[in-house]
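# Structural characterization, general
One-letter residues, chain by chain:
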Amino acid sequence: MQAPGARREGPRLTGPWRWIDALAFHGYAWFLILPGGLLGLLIPRWGPLPFEVYARGVFDADLPEQVLASALNQYRYMKSMEFGFGVFSVCFRDFIYTDRRFNRFFLGIIFLGAAERALSVVLDGMPRPFYVAAIFIELSVGLIVFISTRRTLRAASPAVD
């Protein structure tokens, strides 16, 4: 029996797959936190790379001031969500690998994000190459975690007699 608040050791992956999974999961989560979320939130309108110049590069449009402010407002909001999902992923990794609800939630977000990017290509047109690559990166991370967690979820579930 464990003491209250003690961390339960979940099933672990072994062999080379352990490293592939760790690289995919942590690489994705920390990308969401650092360059994806934090830098997107903290780049101001002034400085070495003015946020307006950055945003105009992302949106590639000569937008009127209010439209640009609205786009930047939404952009910062989406960056905060990206940051939050990365923090969630790191903080709840053990649950993602051992609890079916957390696993479905995590995988659902990754696969929904990739599906939305693909739908955007169909509806909105071809984005810059990085954003097309992001579809395949997110699908790959999702598939790696899905394959990994089939084993860890099964090992974590209580035995049925």
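Conventions we followed
For every chain, the first residue of its written sequence is number 1, and the numbers climb from 1 along that sequence. Reporting in this predicted model follows two pLDDT cut-offs: at least 70 for local features of residues, and 80 or more for side-chain atom pairs to be given and counted; totals over whole chains, interfaces and linings ignore these cut-offs and use all residues. The basis for every side-chain value is the complete set of non-hydrogen atoms in the structure, without hydrogens or water. Remark: nonpolar core denotes a set of buried residues (Ala, Val, Leu, Ile, Met, Phe, Trp, Tyr, Cys) joined through side-chain atoms within 4.5 Å. Burial here depends on accessible area, computed with a 1.4 Å probe over protein chains only, as a share of the maximum for the residue type. Under 20% is buried, over 50% is exposed, and the range in between is partly exposed. Strands are runs of DSSP state E lasting at least two residues, helices are runs of H or I lasting at least four, and both sets are numbered from the N terminus onward. Only heavy atoms enter the contact rule, under which two residues are in contact if any of them lie within 4.5 Å. One side-chain nitrogen of Lys or Arg within 4 Å of one carboxyl oxygen of Asp or Glu is enough to make a salt bridge. Here pLDDT means the predictor's own confidence in every residue, given as a number from 0 to 100.

### Here we look at the nonpolar core
Counting residues in each nonpolar core, the largest one holds 15 residues, and the members touching the most others are F85, F106 and V145. The element best represented in this core is helix α1 (residues 16–42), accounting for 4 residues. Filtering out sequence-adjacent residues up to four positions away, F85 remains in contact with Y28, L32, F106, I109 and I110.

### Side note on the pattern of salt bridges
Summed over all chains, the structure comprises 4 salt bridges. For the salt bridge of R93 with D21, the shortest nitrogen-to-oxygen distance reads 3.3 Å. Of this pair, R93 sits in helix α4 (residues 93–98) while D21 sits in helix α1, and the two are 72 residues apart along the sequence. Of the residues examined, R93 reaches a relative accessible area of 16% and is grouped as buried. A relative accessible area of 0% means that D21 is categorised as buried. The shortest N-O distance in the salt bridge between E138 and R117 comes to 3.1 Å. One end of the pair, E138, is in helix α6 (residues 129–156); the other, R117, is in helix α5 (residues 100–124), and 21 residues separate them in sequence. A relative accessible area of 10% places E138 in the buried class. The exposure class of R117 is partly exposed, given its relative accessible area of 30%.

### As for the confidence of the model for the chain
Residues with a pLDDT of 70 or more make up 78% of the chain, whose mean pLDDT is 82. Within the chain, helix α2 (residues 51–59) has the poorest average pLDDT of any element, 60, and α5 the best, 95.

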